[in-house]
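Structural overview
One-letter residues, chain by chain:
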Amino acid sequence: MAQNNDRINQALQALREKAAGQWREFTGSTIPRIHIGMATCGLAAGAQETRDAFEAQLKKDNIQAVIHPIGCHGHCYAEPLVIIDHPASGLPPIMYQKVNEGKAVMLVKNFLKGNDPLLEHMYGAMEESDTIPAVMLFPRFNMEKRVIMDKCGRINPADINEYLALGGYAALGAALSLAPEAIVETVTASGLRGRGGAGFPTGRKWQFAAQQNAAEKVVVCNADEGDPGAYMDRTILESNPHQVIEGMIICARAIGAGRGVMYVRAEYPLAVKLVTRALEQARELNLLGQNILGSDFSFDIEVFQGSGAFVCGEETALIRSVEGYRGMPRHRPPFPVEHGLNGRPTVINNVKTLATIAPIIENGAEWFRSIGTEKSPGTAIFSIVGHVLYPGLVEIPMGETLRSLIFDICGGIPDKREFKAVQIGGPSGGCLPASFLDTPIDFDSLTAAGAMMGSGGMVVMNDETCMVNVARYFLDFTQKESCGKCTFCRIGTRHLLEILDRITKGQGKPEDLARLEWLAAAVKQGSLCGLGKTAPNPVITSLKYFRQEYEAHINDGVCPALMCRDLIAYYIDLDKCARGCDACVGCCPTEAIFTTANRKKGIDQEKCIKCGECRHVCIPLYNAVGKASPPGTVPMIEKPKVPVKDND
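So, here's what we can say about the structure. (Residues numbered from 1 in each chain as written. Predicted model: local features only at pLDDT ≥ 70, side-chain atom pairs only at ≥ 80, totals over all residues. Heavy atoms only, no water.)

1. Overview of the overall build of the protein
This is how it is decided: A helix here means a DSSP run of H or I that spans at least four residues, while a strand means a run of E at least two residues long, and both kinds are numbered starting from the N terminus. When we talk radius of gyration, it's over C-alpha atoms, and the globule rule is simply 2.2 Å times the number of residues to the 0.38. With a 1.4 Å probe rolled over the protein chains alone, any residue whose accessible area is under 20% of its type maximum counts as buried; one over 50% counts as exposed, and the rest are partly exposed. What makes two residues a contact is simply this: any of their non-hydrogen atoms within 4.5 Å. For accessible areas, the Shrake-Rupley method is used with a probe of radius 1.4 Å. Any residue's cover is judged against the shown protein chains and nothing else. We count Lys and Arg on the positive side and Asp and Glu on the negative side, and we leave His and both chain ends out. By convention, the point assigned to a charge is CZ for Arg, NZ for Lys, CD for Glu and CG for Asp.
When helices and strands are tallied, the protein shows 25 helices and 18 strands. Against the compact-globule benchmark of 26 Å for 648 residues, the protein has a radius of gyration of 28 Å, which places it among compact chains. Overall size of the protein, expressed as C-alpha extent along the three principal axes, is 95 × 70 × 40 Å. Looking at the protein residue by residue over its 648 residues, the buried ones come to 56%. Long-range pairs, those at least 24 residues apart, make up 70% of the contacts in the protein with a sequence separation of at least 6. Summed over its atoms, the accessible surface of the protein is roughly 27000 Å², and 50% of this surface lies on carbon and sulfur atoms. Between the mean site of the 67 positive side-chain charges and the mean site of the 72 negative ones, the protein shows a separation of 4 Å.

2. Describing the side chain of Thr 346
Rules: In the analysis that follows, any N or O atom pair within 3.5 Å is treated as a polar contact, provided that within protein one partner can donate a hydrogen and the other can accept it, and provided that, for residues neighboring in sequence, both atoms belong to side chains.
Note that Thr 346 resides in strand β9 (residues 346-350). A distance of 2.8 Å separates a polar side-chain atom of Thr 346 from the backbone oxygen of Arg 344. Beyond its immediate stretch of four places on either side in the chain, Thr 346 contacts Val 218, Val 220, Pro 336, Val 337, Gly 340 and Leu 341.

3. Examining the sheet that holds strand β5 (residues 122-125)
Selection criterion: The pairing criterion for strands is at least two bridges between them, as found by DSSP. Every axis in this analysis is a line fitted to C-alpha atoms, fitted for helices over the stretch in contact. Angles between the N-to-C directions lie between 0 and 180 degrees.
Here five strands make up an open sheet; going across it, the order is β2-β1-β3-β4-β5 and the pairing mixed. Single-partner strands in this sheet number two, and they are β2 (66-70) and β5. Taking the axes of each pair of neighbouring strands and ignoring which way they run, one obtains an average angle of 20° across the sheet. Running at roughly 160° to strand β1 (residues 33-37), helix α3 (residues 47-60) makes contact with β1, β2 and β3 (82-85) of the sheet.

4. Concerning the packing of helix α19 (residues 487-504) against helix α23 (residues 547-556)
Put simply, the rule is: An angle counts as roughly parallel when it lies under 35 degrees, as roughly antiparallel when it exceeds 145, as roughly perpendicular when it falls between 65 and 115, and as oblique in every other case. Note that Gly is not counted as nonpolar here; it falls among the polar residues with everything else outside the nonpolar set of Ala, Val, Leu, Ile, Met, Phe, Trp, Tyr, Cys and Pro and the charged set of Asp, Glu, Lys and Arg.
With their axes 9 Å apart at the nearest point, α19 and α23 run at an angle of 65° to one another. In terms of their interaxial angle, α19 and α23 are classed as roughly perpendicular. Residues Leu 500, Ile 503 and Thr 504 of α19 lie in contact with α23, whose contacting residues are Tyr 550, His 553 and Ile 554. Classifying every residue of the contact of α19 with α23 gives four nonpolar, two polar and no charged.

5. Digging into the environment of Leu 432
On the secondary structure map, Leu 432 appears in strand β13 (residues 430-433). According to the relative accessible area criterion, Leu 432 is buried, its value standing at 0%. Along the sequence, Leu 432 and Val 460 sit 28 residues apart, while their C-alpha atoms lie 9.8 Å from each other. Those residues in contact with Leu 432 that sit more than four places away from it in its chain are Leu 402, Phe 419, Lys 420, Ala 421, Val 422, Ile 424, Ala 449, Ala 451 and Tyr 545.

6. With respect to the environment of Cys 581
Residue placement: Cys 581 occurs in the loop between β15 (569-572) and α24 (583-587). By relative accessible area, Cys 581 is classed as partly exposed at 23%. Taking the C-alpha atoms as reference points, Cys 581 and Ile 83, 498 residues apart in sequence, are found 44 Å from one another. Setting aside residues no more than four positions away along its own chain, Cys 581 makes contact with Lys 601, Ile 619 and Tyr 622.

7. Let's talk about unusual backbone geometry
Look at the link from Arg 332 to Pro 333: it is a cis peptide, with omega at 0°. The omega torsion across Ser 629 and Pro 630 is 0°, close enough to zero to call that bond cis. Within the secondary structure layout, Pro 630 lies in the segment after β18 (625-628). One non-glycine residue, Lys 98, lies in positive phi territory at about 50°. Summarising the element assignment, Lys 98 is placed in the loop between β4 (94-96) and α4 (101-113).

8. Comments concerning the nonpolar core
Note on soluble globular proteins: their nonpolar side chains tend to be buried together. Counted only if it meets this: By nonpolar core we mean a set of buried residues, namely Ala, Val, Leu, Ile, Met, Phe, Trp, Tyr and Cys, connected to one another through side-chain atoms within 4.5 Å.
In terms of nonpolar packing, the biggest core is built from 68 residues, with Tyr 169, Trp 206 and Met 262 touching the most fellow members. Looking at this core element by element, the count peaks at nine residues for helix α11 (residues 241-255). Beyond its immediate stretch of four places on either side in the chain, Met 262 contacts Cys 221, Leu 237, Val 244, Ile 245, Met 248, Val 275, Ile 301, Glu 302, Val 303 and Phe 304. Core analysis: the next-biggest nonpolar cluster, separate from the first, contains 36 residues, Val 394, Leu 402, Phe 436 and Phe 546 among them.

9. Description of the packing of aromatic side chains
Stated precisely, the cut-off is as follows: Pairing of aromatic rings covers Phe, Tyr and the six-membered ring of Trp, with a centre-to-centre limit of 6.5 Å; geometry is then stacked below 30 degrees between planes, edge-to-face above 60, and tilted otherwise. In our convention, an over-ring charge means Lys NZ or Arg CZ found within 6 Å of a ring centre and within 35 degrees of that ring's normal.
Scanning the entire structure with this criterion turns up 13 aromatic pairs. Considering the side-chain rings of Trp 23 and Phe 26, the 5.8 Å spacing of their centres and the 50° angle between planes classify their relative orientation as tilted. One end of the pair, Trp 23, and the other, Phe 26, are both in helix α1 (residues 2-28), three residues apart, so they sit about a helical turn from each other. In this pair, the class of Trp 23 matches that of Phe 26, namely buried. A connected cluster of aromatic rings, assembled from ring pairs, spans Tyr 77, Tyr 123, Phe 138, Phe 141 and Tyr 390. Taking NZ or CZ as reference, Arg 33 lies 5.7 Å from the ring centre of Phe 26, over its face. Between the NZ or CZ atom of Arg 320 and the centre of the ring of Tyr 325, over which it lies, the distance is 3.9 Å.

10. Remarks on helix α16 (residues 402-409)
For α16, the full list of buried residues reads Leu 402, Ser 404, Leu 405, Ile 406 and Ile 409. Against the buried residues of α16 lie α5 (139-142), β10 (379-386), β11 (392-397), β12 (419-424), β13 and β14 (457-462). Where α16 ends, the next residue or the one after it, Gly 411, has phi of about 85°, a positive value.

11. Thoughts on the sheet that holds β11
Spatially, five strands are ordered β11-β10-β14-β12-β13 in an open sheet, and the strand pairing comes out mixed. One side of each edge strand has no neighbouring strand; the edge strands of this open sheet are β11 and β13. Averaged over neighbouring strand pairs, the angle between their axes works out to 30° when direction is ignored. Looking at chain direction, β10 and β14 are connected through four bridges and run parallel. Opposite Ser 383, over in β14, you have Gly 457 as the bridge partner. Those strands touched by helix α10 (residues 232-239) are β10, β11 and β14, and its axis lies near 115° from that of β10.

Structure (structure tokens):
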């Protein structure tokens, strides 16, 4: 045993020394380094064009610098993000936000060539400095606790040596020296709960699989992230795939598995590409494959590209999909840990769960339990979108309140609007009002409030949001994603959607509210899998906390938030409208804007399609375009019988 451990340690040490040397050479050089976030969020904001602009200008000015592609920092509101480390300037590395092609050219000319760091465009220094404020002074940075995302935005995800140089695969080395039972005990003692949504104790799941007497076992990484607006798993795979792979190998060692499957949806092409490359690199270094690091343990991982069905996030549906069948859930028991992929005991863990394993093995169960709450230790990653000032990915300790996350870390509601609700847990999560802002974020507290952790999607809504329409939107998604196996899910969600659709069109009936409640309860009770059991959650919670909005739609034909198109109308306030201003005329796609006799503007309600473009382009100084509900309450403006022309 001791001989085996020595062999493992020597093999790993050799890899790490080589990687550390490469890292020292890279970070110790005096040549400027330009780190650019090249994950999907950065690319969508123009990071590739920014990189091209840097390269072209460096070549034009004959300046030597290294372009270093990195993953996502989580600050999606500031993409494309660039960090310039220019040792010769005497300044610390500086982060710049929203670096477009023009700003990239300016930074090369002024900073790298002229030694002017253009501080007016910076976000902050990446280190403490007497001359430049550090980013860590901002709550968006210093209130996070990064365990899973610690290396995201710091390393090139396509280079395994950078992960090794920062301590990567050290946990694997330790795990290979442990008995499998000791690994399971450590994970169990840590109290880690699955980050895919259910919150089942990971150690118990591994223990069940380890106890199975089977010749072959399987580990599956569930990266079938399908929630609208959620992109935590994609970001981790695009920023640090090796931490997930390391977690899979350790899991396989613990349960005695020889085969691994990385189930990634095909809509994530960059993640698929980087994971595939990472697996190849791991095999080349004998971190995967036969006799890993000279041990007696062999394990390998294949990539399976899912077809994008939301229901395949459910374990048994995922298994059917890998087996080549239509992804549909089945009854449990038997559970996948007993009878999983191709009948073999199978552990299925989420990306975030597996990415948490290496830090636990490396730092110990007690360290992990010191973070978060007693029943929900560790951290949680949320992708926060909607009406917040600083959307993006945030990793926080469990137990942080919703108020702290939304207002302190993410900057609160922009445009001086009021907070109205937060929808947590993906399309099947619940909508919580302001009275729940002090709710701790953990598995049990959110469930008690009527929401759920889910996989980490969070949508923040301001007071201009119609909660009936929100419930209709999410139910429309889950109804379309229903696999159709259960009658309650297939038919029940359709009826729920039809009722909500009628209400948002002003065609609701007083008895619809009771019908919604009855149907929602029936769908929850009668469905087989989590999709059907949770699909009615947005309806149930919005009915519970925002019932007056439903009643206004049904009884008065009014949408209080002025969002439901059939229940509103646009109008122009003639007291505010500027004579001779034609901003709204040029943008109207149906030519519904007309000029009045005194050269102000009015809206032809018969032509208006309520797109809101006129309101959007109206100069803020005038703010003359308003909305009203019901449509019949808008002030009528007489349209001249003969069109008024500009030169009249």
